Amino acid sequence: MNEIAEGLLRAVGLIITMNPEVMAITARSIMISFTATVIAALIAIPVGAVINFSEFRGKKTVINLIQTLYALPTVIVGLFVFLFISRAGPLGFLRLLFTPTAMIIGQTLLILPIMTGLTVSALSGVDQAIRDTLHSLGATKVQFLANVLKEARFAILAAVAVGFGRAISEVGAAILLGGNIRAASFWSSTRVLTTAISLETSVGNIELSLALGIILLLVALVVNLLVTTIQQR
Amino acid sequence: MPKKLGIAIAALLIAAVFMCGCTGTSATGETPKRTLRIATTTSLYDTGLLDHIRPMFEEKYNAEVLIVSAGTGKALEYGQRGDVDVLMVHDRAREDAFIDGGYGINRRVFAYNYFVIVGPDSDPAGIRGMQPEEAFTTIMEKGEQGVSGVVFVSRGDGSGTHSKEKAIWKSAGFDYAADVRGSGDWYVEAGKGMGETLAMASEKQAYTLSDIGTFLAYRGDLELVPLVDEGAILLNIYSAMQINPAKYPEINSTIARDWINFLISDVVQQEIASYGVTEYGRPLFFPSAGNWGKIGVTQAECEDPIT
């Protein structure tokens, strides 16, 4: 139990002293996962809207399939991307392996299903009465879409927050695609909070691992506070 | 919605920063740094030795060194697929196969140390001070008889340390797949890295095979002691080799050569000899220079620079 207290103290110490390496790792984590979340949102929200608003055969199956992919193991996503971008793979000439870009691709693919699925749920959760009212008021298709999206915005925002949470907390794809590299320059390094935790645990720095874990949770806390603030406005 | 537009613009800006970062173009007009990619084994990386010598190389050769650490099996896979320029591993048999397959060239031995068999201080199987083969045989016999507390935790992950464990079983006269693996509750496969495997052995008060570097680094958190640390088979030889440019022409072979020659240079050999002394009271590695006879490799493989 001592280790947990020491981890907490260490985390506070690392944050107060603005330890440059920890700050860089944290910043890199946030930027990579934030970028992945933005890209995933730009795809997931329109795709989720299309699935929700259109009627087609096999719609239930598609939704089931998307929900099944919530359980996609991070290492499998990593492996899948790895096979494409490894030098021997079809996109190997791009030399993306072991770069932050590779990690963004992996995390984007990882969180696409859950963000799409939750967008569908968010939109289908909009009260039928509101839909009926919009129709009876003679709303055009565009007005209808805009209003339903507006009604569902908090739930969609929650979907985005869930996506960010999954992206920043995953380690499987990050370690396989990024390689947990510590290099001299910021963008050549691919060490993020989760991969650093994994490394520090395996070399026996238990307190530092816990401290990094606490910092990761603090990042999640700030993101959630932001989301709540927006929702309450 | 202006807010959404703002987010989109921010995303594009971040994406742009990434692109710049990844292509490595420097806006300051300096000569672009050469990049060296290395895949290495966890037991070597986790000691911190490579991050200790990396800045010296980067300064001297105006380079940037990117080190990826993985189990020997995965490191070899990275090498075979041409994702790195240099491999640094510790598994002679698989290195030989890799070289014979045409994937690796110019192997040089740069350091060595010894594996240790560690276990609980109470030593329920009574292996303290035995030869490694004898110790393994005893653990197996006592384990199969069900002597209480006799458990062996294996890495079970295809790492270099796992290969060494198999080699010891073989040398003791056992067929690993038939006689050892799955032969009883006394034999547990962790499927994890060295640190986690040691932690598991400590929790279970079990025996395991470890490289000395990881054991020393982790020792403070473990209730395990070294029980067997002598015997020719425990020798652990670390080599570096280039990925064959004939297989992957885009491989950065000039800087790969510079790195390997740097490792066997006098300066780095001295760094290797003294690394860890202040922290652990003993070195974690021995330099290969001058010791080639002792570890059974040719002088050329330890000391001749690659040309």
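Sequence order as written defines the numbering, with residues in each chain counted from 1. Each chain is given a letter, starting from A, and each ligand a number, starting from 1, according to the order in which they appear as written. Owing to the predicted nature of the model, reporting of local features is limited to residues with pLDDT of at least 70; listing and counting of side-chain atom pairs is limited to 80 or more, with chain, interface and lining totals taken over all residues. Just so you know, side-chain values use all the structure's heavy atoms and leave hydrogens and water out.

**Concerning the overall build of chain A**
Secondary structure elements follow DSSP: runs of H or I no shorter than four residues count as helices, runs of E no shorter than two count as strands, and numbering proceeds from the N terminus. Within chain A, the regular secondary structure consists of 11 helices and 0 strands. Sequence-ordered secondary structure for chain A, helices as α and strands as β, is α-α-α-α-α-α-α-α-α-α-α. Whether two residues are in contact is decided by their heavy atoms: any pair within 4.5 Å suffices. Relative to all contacts within chain A whose residues are 6 or more apart in sequence, the contacts with residues 24 or more apart total 74%. Computed with a 1.4 Å probe, the accessible areas rest on the Shrake-Rupley method; for each residue, only the protein chains presented here act as cover. Carbon and sulfur atoms make up 71% of the accessible area of chain A, which totals about 11300 Å². Side-chain charges in chain A split into 15 positive and 10 negative, and the spacing between the mean points of these groups amounts to 12 Å. The charge count treats Lys and Arg as positive and Asp and Glu as negative. His and the chain ends do not count. By convention, charge coordinates are those of NZ in Lys, CZ in Arg, CG in Asp, or CD in Glu.

**A short note on the pairing of strand β1 (residues 34–41) of chain B**
Residue and element names in this part refer to chain B. In terms of residue burial, β1 counts as a mostly covered element, since 6 of its 8 residues are buried. Only when DSSP finds a minimum of two bridges between them are two strands counted as paired. For β1 and strand β2 (residues 63–70), the ladder comprises 8 bridges, and the chain directions are parallel. Within β2, the position partnered with Arg 34 by the bridge is Ala 63. By the bridge criterion, 3 bridges tie β1 to strand β3 (residues 86–89) in an arrangement that is parallel. Only protein chains enter the area calculation, which uses a 1.4 Å probe; residues under 20% of their type maximum are buried, those over 50% are exposed, and those in between are partly exposed.

**What to know about the packing of helix α2 (residues 20–53) of chain A against helix α8 (residues 153–169) of chain A**
All names here are of chain A. Only C-alpha atoms enter the line fits that serve as axes; for helices the fit covers just the stretch in contact. Angles between N-to-C directions range over 0 to 180 degrees. At their nearest, the axes of α2 and α8 sit 9 Å apart, and the two run at 140° to each other. Between α2 and α8, the angle is such that the two are oblique. Where α2 crosses over α8, the two elements pack in a sense that is right-handed. Between α2, through Ser 29, Ile 30, Ser 33, Phe 34, Thr 37, Ala 41 and Ile 45, and α8, the contact on the second element is made entirely by Ile 156, Val 160, Gly 163, Phe 164, Ala 167 and Ile 168. Put simply, angles under 35 degrees are roughly parallel, angles over 145 are roughly antiparallel, angles from 65 to 115 are roughly perpendicular, and the rest are oblique. Note on convention: near helix rotated counterclockwise from far helix by under a right angle means a left-handed crossing. Clockwise means right-handed.

**Observations concerning the pattern of salt bridges**
Side chains that carry opposite charge are capable of pairing whenever their charged atoms lie near each other. When a carboxyl oxygen of Asp or Glu is within 4 Å of a side-chain nitrogen of Lys or Arg, the pair counts as a salt bridge. Evaluation of the coordinates by the stated rule reveals 15 salt bridges over all chains. We note a salt bridge from B:Asp91 to B:Arg94, for which the minimum N-O separation is 2.9 Å. A cluster of three or more residues bridged by salt bridges with shared partners is formed by A:Glu21, A:Arg182, B:Asp51, B:Arg54 and B:Glu58.

**Some points on the domain arrangement of chain B**
Residues and elements named next belong to chain B. Domain assignment breaks chain B into domain 1 (33–112 + 237–303) and domain 2 (114–234). Either an automatic procedure or a domain database provided the assignment from which the domain bounds are taken. Its C-alpha centre places domain 1 at a distance of 27 Å from the equivalent point of domain 2. Across the boundary between the two partners, domain 1 contributes 14 residues, which contact 15 residues of domain 2. Note on terms: buried area is the combined drop in 1.4 Å-probe accessible area of two parts once they are placed together, counting the loss on both. Buried surface at the junction of domain 1 and domain 2, summed over both partners, amounts to about 1100 Å²; 56% is from carbon and sulfur atoms. At the boundary of domain 1 with domain 2, the tally comes to 0 salt bridges. What qualifies as a polar contact is a pair of N or O atoms within 3.5 Å, subject to a donor-acceptor requirement within protein and to the restriction that residues adjacent in sequence count only when both atoms come from side chains. Applying the counting criterion to the domain 1 and domain 2 interface returns 5 residue pairs in polar contact (both at pLDDT 80 or more).

**Quick word on unusual backbone geometry**
Residues other than glycine seldom take positive phi values, yet A:Arg95 does so here, at roughly 55°. Within the secondary structure, A:Arg95 sits in the loop between α4 (74–85) and α5 (100–124). With relative accessibility at 29%, the residue A:Arg95 sits in the partly exposed group. Even without being glycine, B:Asn106 reaches a positive phi, approximately 55°. Its location among the elements puts B:Asn106 in strand β4 (residues 104–119).

**Concerning the nonpolar core**
To qualify as a nonpolar core, a set must consist of buried Ala, Val, Leu, Ile, Met, Phe, Trp, Tyr and Cys residues joined through side-chain atoms within 4.5 Å. In terms of nonpolar packing, the biggest core is built from 49 residues, with B:Leu36, B:Met88, B:Phe110 and B:Trp259 touching the most fellow members. The element contributing the most residues to this core is helix α11 (residues 253–263) of chain B, with 6 residues. Each residue touching B:Leu36, except ones within four places of it in the same chain, is listed here: B:Phe57, B:Glu64, B:Val65, B:Leu66, B:Asp85, B:Val86, B:Ile255, B:Ala256 and B:Trp259. Counting 27 residues, the second largest nonpolar core, distinct from the first, contains A:Ile181, B:Tyr78, B:Val84 and B:Phe98.

**Some thoughts on the interface of chain B and chain A**
Across the boundary between the two partners, chain B contributes 36 residues, which contact 37 residues of chain A. For the interface between chain B and chain A, the tally reads 2 salt bridges. B:Glu250 is the salt-bridge partner of A:Arg87, the closest N and O atoms lying 3.6 Å from each other. Inspection of the chain B/chain A interface yields 12 residue pairs in polar contact (both at pLDDT 80 or more). The set of elements that each furnish at least two residues to the side of chain B that touches chain A consists of α1 (2–23), α3 (49–61), β2, α4 (72–80), α9 (194–204) and α10 (212–218) of chain B. Residue contributions to the side of chain B that touches chain A peak at 8 residues, all from α1(B). Across the side of chain B that touches chain A, the residue classes break down as 17 nonpolar, 5 polar and 14 charged. Amino acids outside the nonpolar list (Ala, Val, Leu, Ile, Met, Phe, Trp, Tyr, Cys, Pro) and the charged list (Asp, Glu, Lys, Arg) are all regarded as polar, and Gly is one of them.

**Some remarks on the packing of aromatic side chains**
Aromatic pairing here means that ring centres of Phe, Tyr or Trp (its six-membered ring) are within 6.5 Å. Orientation follows from the plane angle: under 30 degrees is stacked, over 60 is edge-to-face, and everything else is tilted. Tallied over the entire structure, the rule returns 24 aromatic pairs over all chains. Ring geometry for B:Tyr176 versus B:Tyr187: centroids 6.1 Å apart, planes at 75°, classification edge-to-face. Of the two residues, B:Tyr176 is situated in helix α8 (residues 176–180) and B:Tyr187 in strand β6 (residues 187–189); the sequence distance between them amounts to 11 residues. Judged on exposure class, the residue B:Tyr176 and its partner B:Tyr187 are both buried. Judged by centre distance (5.5 Å) and plane angle (80°), the ring pair of B:Tyr238 and B:Phe285 falls under edge-to-face. Separated by 47 residues along the polypeptide, B:Tyr238 in strand β9 (residues 235–243) and B:Phe285 in the loop between α13 (277–280) and β10 (286–287) bring together distant segments of the chain. Here B:Tyr238 and B:Phe285 have matching classes, each one buried. Each member of the aromatic cluster is reached from another via a ring pair, and the members are B:Phe136, B:Phe152, B:Trp169, B:Phe174, B:Tyr176, B:Trp186 and B:Tyr187. Looking at A:Arg28, its charged tip hangs above the ring of A:Phe186, at a distance of 4.6 Å from the centre. The side chain of B:Lys247 reaches across the aromatic face of B:Tyr103, ending 4.5 Å from its centre. Put simply, a charge is over a ring when the Lys NZ or the Arg CZ is close to the ring centre, within 6 Å, and near the line of the ring normal, within 35 degrees.

**Here we look at the environment of B:Ala232**
Of note, B:Ala232 is situated in the loop between β8 (225–228) and β9. What makes B:Ala232 exposed here is its relative accessible area of 74%.

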